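# A closer look at the structure
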Amino acid sequence: MLSSGAFTSDGRFFGTDPDGKTIWRYQQGEWTNLAADGVIDDGSYQTVAVSPHNDQLLAFEHNGSALRSIDGGASWSTLRKTVQVGEKDPPWLRIADQNFFATSQVMFDPIVRDRLWVTAGVGLFRADVPPDARSIDWVSRSRGIEELVANDVVQSPGRAPLFAAWDFGIHVKADLDVFSSGFGPKEQMIIAAQQLALTPADPNFVATNASDTSGCCPKAAVLAGYSEDAGRTWQRFGSLPHPPGTKKDDPWRMAWGMIAVSSGNPDNIIWAPSLNRAPFYTRDRGRNWTLIHFPGEKPPFTGSHVKKHLQRKVLVADPVKDGTFYLVHSGNPDNRQLMGLWRTQDGGSSWTRLFQGEIAPKSENAAKLRAMPGRSGDLFFTSAVEGTHDSRLRRSTDGGVTWQIIPGVDQVSDVTFGKAASGNTVPTIYLAGFVHGKYGIWRSVDNAQSWSRLAVFPIGRLDRVVVLGADPDIFGRLYIGWQGSGWTYGAPAACQARPVRPFDIAQCYKVDRP
């Protein structure tokens with residue numbers, strides 16, 4: 001199974017075989033397994049490159065380790081490696097300088113002699129490697145890209161927004177036009193911050209269920225915890241629960257999933273982990289955890305977050321009532337009888353089902369439950385999936401007991417709330433989806449009675465919206481998180497609307513009035 005291959009100028013072919021842990025050479029009608037012949041050691045060889053100028057041959061393993069041959073593959077030597085951040089590139093790329101440097105395709109520049117390019121797990125890098133070099137010194141070339149995989153975005157009043165990503169943690173962005181200087185909870189590869197949770201009780205408090213996704217580092221497997229300074233520094237929870245059906249020595253036994261903080265007490269947190277493992281609550285900021293039981297449940301897997309990669313957020317705290325939380329249970333295969341919306345009013349100890357069955361069809365995967373700030377029991381729900389089934393936006397104003405379909409709103413990826421428009425008291429509502437058959441980013445300033453389109457595909461991005469957030473202090477400022485291309489932000493401005501042109505980094509769109 002060859003993953004990469006290249007020809008030398010005399011017609012010999014070299015191909016990498018990561019499954020076979022070898023490099024194959026083809027010459028004069030015969031294949032040679034270089035590892036089996038003892039020419040090289042076994043390794044997870046990922047890619048091979050041949051210089052168009054001098055037949056310098058380089059082979060790389062998935063972790064960035066490199067071998068070089070200058071005699072047509074007869075003998076090989078090991079090259080050392082360094083990684084550094086390029087001028088004006090995102091400073092947090094310094095985390096790439098580790099033993100594991102995720103390496104995909106490597107190729108020689110066809111014009112610049114001895115220059116290599118690599119598409120790595122953290123961006124694009126280049127290095128100049130003459131035949132007598134003993135080291136490959138990679139330098140990032142990712143200026144203006146920073147295209148992370150978005151997971152979440154939140155912002156407390158008077159504080160900077162926080163952006164959470166797969167693999168590269170939580171970024172505090174006091175200046176939206178400047179690269180992050182670092183990320184939390186800890187700069188390591190690979191840490192996924194799946195969700196962030198705020199509380200009106202303390203605008204500086206943020207909780208997260210950040211967990212490592214590489215499977216390499218048990219000591220830092222789960223970095224779930226909290227910040228008391230609006231995301232600038234982080235502390236781990238004092239203990240890690242042991243969900244039923246898991247092993248006590250499994251460092252990932254309680255990881256990923258969904259998390260929420262009580263509106264009246266930052267010590268009261270509920271965490272529903274992924275893999276359908278049972279949720280827990282704490283009343284002492286994570287020093288001790290108590291297992292949550294649902295009436296009629298069938299242990300051990302009583303949770304409602306089946307896969308860690310899903311953009312599923314169906315656990316929220318009531319914005320007004322202390323100790324009140326809502327959870328939409330999908331009714332996993334072992335617990336179909338739990339399907340519906342559940343509420344606790346005592347911080348997680350006892351639960352009552354207020355709505356039985358699915359709120360919307362096909363809502364077992366990437367669904368979203370959102371609570372309007374400042375209003376108790378005002379909930380919005382979307383199954384957040386595309387298709388021909390009923391995926392209209394739902395709303396409940398009685399804490400989830402009854403639900404109404406919002407007319408004309410369909411296939412909503414997410415919904416969020418921001419500062420009210422001048423003269424209004426109800427928060428502004430934003431969504432990504434279809435309104436009366438037209439796709440776009442939409443805003444309502446009159447409590448979902450009418451909608452204005454803010455953009456179709458902002459700055460020409462065709463990526464899928466996975467999460468939205470809005471500024472609680474500045475009317476109209478919206479944050480859009482993309483499935484694989486970072487974030488975009490927008491706000492009202494005096495500008496001349498025009499179509500997007502190639503390489504634009506901003507767009508002025510004339511807002512479609514209701």
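Looking only at helices and strands, the protein chain features 0 helices and 39 strands. Its C-alpha atoms give the protein chain a radius of gyration of 26 Å, within 12% of the compact-globule value 24 Å for 514 residues. Structurally, the protein chain occupies a C-alpha span of about 75 × 60 × 45 Å along its principal axes. For the protein chain, buried positions account for 54% of its 514 residues. For the protein chain, contacts bridging at least 24 residues in sequence account for 50% of all contacts bridging at least 6.

Reading across from one edge, β5-β6-β7-β8-β12-β11-β10-β9 is the order of the 8 strands in this open sheet, with mixed pairing throughout. At either margin of the open sheet sits one strand with a lone partner, and together these are β5 (45-50) and β9 (103-108). Looking at each pair of strands side by side, their axes are set apart by 25° on average, direction ignored.

Now for the sheet that holds strand β24 (residues 280-282). Taken in spatial order, the 4 strands line up as β22-β23-β24-β25 in an open sheet, and their pairing is antiparallel. The open sheet has two edge strands, β22 (258-261) and β25 (290-291), and neither has a second partner. Across 3 bridges, the pairing between strand β23 (residues 269-272) and β24 is antiparallel. For I270, the partnering residue across the bridge sits in β24 and is Y281.

Our focus in this paragraph is the state of the cysteines. As enumerated under the stated definition, the model contains 1 disulfide in all. Across a sulfur-sulfur distance of 1.9 Å, C495 and C508 are joined as a disulfide pair. An S-S torsion of about 80° defines the bridge between C495 and C508 as right-handed. Here C495, found in the segment after β39 (487-490), pairs with C508, found in the segment after β39; they are 13 residues apart in sequence, far enough to count as distant.

Moving on to the pattern of salt bridges. On inspection of all chains with the given rule, the structure shows 15 salt bridges. D10 serves as the salt-bridge partner of R12, at 2.6 Å between the closest nitrogen and oxygen. By relative accessible area, D10 is classed as partly exposed at 48%. In this structure, D390 and R394 form a salt bridge, with 2.6 Å as the shortest nitrogen-oxygen distance. A single network of salt bridges, built from pairs that share partners, joins E228, D267 and R285.

Right, let's get into the layout of surface pockets. In this model, the largest pocket occupies a volume close to 1500 Å³. What lines the largest pocket is a set of 44 residues, and nearest its centre among them are I459, T488, Y489, G490 and I505. Listed by contribution, the elements that provide at least two residues to the lining of the largest pocket are β35 (438-444), β36 (452-455), β38 (478-482) and β39. Examining the composition of the lining of the largest pocket, we find that 4 residues originate from one element, β39, more than from any other. Residues of the lining of the largest pocket, tallied by class, amount to 26 nonpolar, 9 polar and 9 charged. Here the second largest pocket defines a volume of roughly 970 Å³. Along its surface, the second largest pocket is lined by 41 residues, and V154, Q155, L198, A371 and P373 are the ones closest to its centre. Every element with two or more residues in the lining of the second largest pocket is listed here: β13 (150-154), β17 (196-198), β22, β26 (315-317), β30 (368-371), β33 (404-418) and β37 (465-470).

As a further point, take the packing of aromatic side chains. The geometry of an aromatic ring pair is captured by two quantities: the separation of the ring centres and the angle between the planes. For the structure shown, the criterion picks out 24 aromatic pairs. Seen from their ring centres, W271 and W289 are 5.9 Å apart, and the 65° between their planes marks the pair as edge-to-face. Residue W271 is located in strand β23, and its partner W289 is located in the loop between β24 and β25; the two are separated by 18 residues in the primary sequence. This pair shows no difference in class: W271 is buried, exactly as W289 is. Across from the ring centre of Y226, 5.6 Å away, lies the NZ or CZ of R285, which sits over that ring.

Thresholds applied
- Residues numbered from 1 in each chain as written.
- Predicted model: local features only at pLDDT ≥ 70, side-chain atom pairs only at ≥ 80, totals over all residues.
- Heavy atoms only, no water.
- Helix = DSSP H or I, 4+ residues; strand = E, 2+ residues; numbered from the N terminus.
- Rg over C-alpha atoms; globule rule 2.2 N^0.38 Å.
- Buried < 20%, exposed > 50% of the residue type's maximum accessible area, 1.4 Å probe, protein only.
- Contact = heavy atoms within 4.5 Å.
- Pairing = 2+ DSSP bridges.
- Axes fitted to C-alpha atoms, helices over the stretch in contact; angles between N-to-C directions.
- Disulfide = S-S within 2.5 Å.
- Salt bridge = Lys/Arg side-chain N within 4 Å of Asp/Glu carboxyl O.
- 1 Å grid on protein atoms, 1.4 Å probe; cavity = no way out; pocket = protein on both sides within 12 Å on 5 of 7 lines; lining within 4 Å.
- Points joined across faces, edges and corners; volume = space filled by probe spheres on them.
- Nonpolar A, V, L, I, M, F, W, Y, C, P; charged D, E, K, R; others polar.
- Phe/Tyr/Trp six-rings, centres within 6.5 Å; stacked < 30°, edge-to-face > 60°.
- Lys NZ or Arg CZ within 6 Å of the ring centre and 35° of its normal.

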